Amino acid sequence: MQLAVSRVNSLRAFSWIKSGWRLFTQQPAPFMAIAGILMAIQLLASLVPLASYVAVFLLPFLTIGLYQVASKVEQGEQVSVNDLFHYLSRIREYRVLFRISLVSILLSIPASMAGSNMAEAMIGGLPPALDQLVIFVLFMGLNFMATAFSIPAAWVNPNSSVKVLIYQSFQAGWQNVVPMTIYGIVIMAIWMVSMPVILIGWLIALSLSNLSFYHAFLDIYQPVNNAESNSQAQSTGEQSSDAEIPAVADAQETNTETTENRRTERELTDEETLKNAAADRKLSSSDEVERVSTDDTQSERAQSEKTATEDSEVQVKDETSSQETDVKDIKSSDELDKK
């Protein structure tokens, strides 16, 4: 399913957070448990350098697993923590996420170097250099714009190339820079408010961040076949967020399954038709054999009757010839007596 990026109203940022909170309250326990797992992986990656590279390739699959959980909750289904790891068994199908991770690593190298230099300067009691700060902010922003929307877009359409996914992600961030900025400020405020609560507050804040961004993606990315309605919504400055992209994908899977079922039924019907035709041919062959056998029997019977008739005629002729001979003998005897 092809997707197109649309421009949304600046105040839609508040709708994303509101929708994310409503989704979180439907099943808070699984979402908090999932947030705990993601937070533990990020903490491990920050402590162990080698684990950070593993986390870069692992987190995209867990992120789309979280989006799948959110989609199921919206459809009223019960979810569990195990659903987070659903796409780890489909790595081959979603291998484009590895390419997105490589792009993220390349963009994070300059930001990491600049961040290390700033940290050393601050430890030494010096203010961070301006050029280092610019490099850090610039490459962190580029990394976010390149990968933030490309991961959920790959979730919906894993057959897209990494170039298309990253280009659309940049396009989504650039065209919606105002609502995304407002959204980022509100999320940062939520994190600051949750700080005193420590663990529970962080889990709620992380869950709300992920779920609200999920709704931002559904709002900004639209199916291509709805491009005309999207352009009309852009002219009024409003955009509908009711287009559930995962629901469209599920509908396509349902249609595919229906088509396959119909194809299977048709094949079974054709097979039954062939079997019936074969049975009819077999029956016809049996009838033909029986008819031929009957004709042969009748022919033999007629031949026997004909032979019997001929034998009777020969016997009658023989008897007639014998009688004539006897008559001639009698006449000859009478003539001899007269003489």
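Structural data are supplied above this passage.
Because the structure is a prediction, the values reported are computed rather than measured.

A. Structural context of the packing of helix 4 (residues 96–123) against helix 5 (residues 130–147). It is at 8 Å that the axes of helix 4 and helix 5 come closest, and there the two elements cross at 160°. The angle between helix 4 and helix 5 falls in the class roughly antiparallel. Relative to helix 5, helix 4 is oriented so that their crossing is left-handed. Residues Ile100, Ser104, Leu107, Ser108, Pro110, Ala111, Met113, Ala114, Gly115, Asn117 and Met118 of helix 4 lie in contact with helix 5, whose contacting residues are Gln132, Leu133, Ile135, Phe136, Phe139, Met140, Leu142, Asn143, Ala146 and Thr147. Classifying every residue of the contact of helix 4 with helix 5 gives 14 nonpolar, seven polar and no charged.

B. Representation of a nonpolar patch on the surface within the structure. Nonpolar side chains collect at one region of the surface, where Leu43, Leu44, Leu47, Val48, Leu50 and Tyr53 lie side by side and expose about 650 Å² of accessible area between them. Per-element accounting of the nonpolar patch gives the leading share, three residues, to helix 2 (residues 28–47). Position of Tyr53 among the secondary structure elements: in helix 3 (residues 49–74).

C. The nonpolar core, seen in detail. Grouped together as the largest cluster of nonpolar side chains are 59 residues, with contacts concentrated most on Phe149, Ile220 and Tyr221. Those residues in contact with Ile220 that lie beyond four places of it in its chain are Ala4, Val5, Ser6, Val8, Trp16, Phe149, Ala172, Asn176 and Met180.

D. Examining the pattern of salt bridges more closely. Across all of its chains, the model carries three salt bridges by this definition. Among the ionic pairs, Arg12 bridges to Asp219, the shortest N-O distance being 3.0 Å. Here Arg12, found in helix 1 (residues 12–26), pairs with Asp219, found in helix 9 (residues 199–220); they are 207 residues apart in sequence, far enough to count as distant. Each member of the pair, Arg12 as well as Asp219, is classed as buried. With a closest N to O distance of 4.0 Å, Asp83 and Lys72 form a salt bridge. You can see Asp83 sitting in the loop between helix 3 and helix 4 and its partner Lys72 sitting in helix 3, a full eleven residues away along the chain. A residue is classified by how much of its surface remains accessible, and Asp83, at 18% relative accessible area, is buried.

E. Just the packing of helix 1 against helix 2, in detail. The contact between helix 1 and helix 2 brings their axes to 5 Å, and the two run at 105°. For the element pair helix 1 / helix 2, the angle class is roughly perpendicular. On helix 2, the residues touching Leu23, Phe24, Thr25 and Gln26 of helix 1 are Pro28, Phe31 and Met32. The residue makeup of the contact of helix 1 with helix 2, split by class, is five nonpolar, two polar and no charged.

F. Looking closely at the packing of aromatic side chains. Evaluated as defined, the whole model comprises 13 aromatic pairs. On the basis of an interplanar angle of 35° and a centroid distance of 6.5 Å, the ring pair of Phe24 and Phe31 is categorised as tilted. Side by side, Phe24 and Phe31 carry an identical accessibility label, which is buried. On the numbers, 6.4 Å between centres and 65° between planes, the contact of Phe144 with Phe213 is edge-to-face. Of the two residues, Phe144 sits in helix 5 while Phe213 sits in helix 9, which places them 69 residues apart along the sequence. On the basis of relative accessible area, Phe144 is assigned to the partly exposed category, the value being 44%. Phe213 sits in the buried class, given a relative accessible area of 8%. Members of the aromatic cluster, each reached through a chain of ring pairs, are Phe144, Phe149, Phe213, Phe217 and Tyr221.

G. Geometry of the side chain of Ser101. In this fold, Ser101 is placed in helix 4. The residues touching Ser101, leaving out its near neighbours within four places in the chain, are Val56, Phe57 and Pro60.

H. Inspection of helix 3 at higher detail. Here helix 3 contains 26 residues, and its C-alpha end-to-end distance of 37 Å stays within 8% of the 38 Å for a straight helix at 1.5 Å per residue. Along helix 3, the helix axis deviates most sharply at Leu58, where the bend reaches about 35°; the proline Pro60 sits within four residues downstream. Count one or two residues on from helix 3 and you reach Gly76, which has phi positive near 85°.

Reading the values: rules and limits
- Residues numbered from 1 in each chain as written.
- Predicted model: local features only at pLDDT ≥ 70, side-chain atom pairs only at ≥ 80, totals over all residues.
- Heavy atoms only, no water.
- Axes fitted to C-alpha atoms, helices over the stretch in contact; angles between N-to-C directions.
- Helix = DSSP H or I, 4+ residues; strand = E, 2+ residues; numbered from the N terminus.
- Parallel < 35°, antiparallel > 145°, perpendicular 65-115°, else oblique.
- Left-handed = near helix turned anticlockwise from the far one by under 90°.
- Contact = heavy atoms within 4.5 Å.
- Nonpolar A, V, L, I, M, F, W, Y, C, P; charged D, E, K, R; others polar.
- Patch = residues over 30% accessible without salt bridge, like charges linked within 9 Å, V, L, I, M, F, W, Y side chains within 5 Å.
- Areas by Shrake-Rupley, 256 points an atom, 1.4 Å probe, with all protein chains shown as cover.
- Salt bridge = Lys/Arg side-chain N within 4 Å of Asp/Glu carboxyl O.
- Core = buried A, V, L, I, M, F, W, Y, C linked by side-chain atoms within 4.5 Å.
- Buried < 20%, exposed > 50% of the residue type's maximum accessible area, 1.4 Å probe, protein only.
- Phe/Tyr/Trp six-rings, centres within 6.5 Å; stacked < 30°, edge-to-face > 60°.
- Expected span 1.5 Å × (residues − 1).
- Bend = angle between axes of the 7 residues up to and from the residue.

The analysis is restricted to geometry; functional conclusions fall outside its scope.
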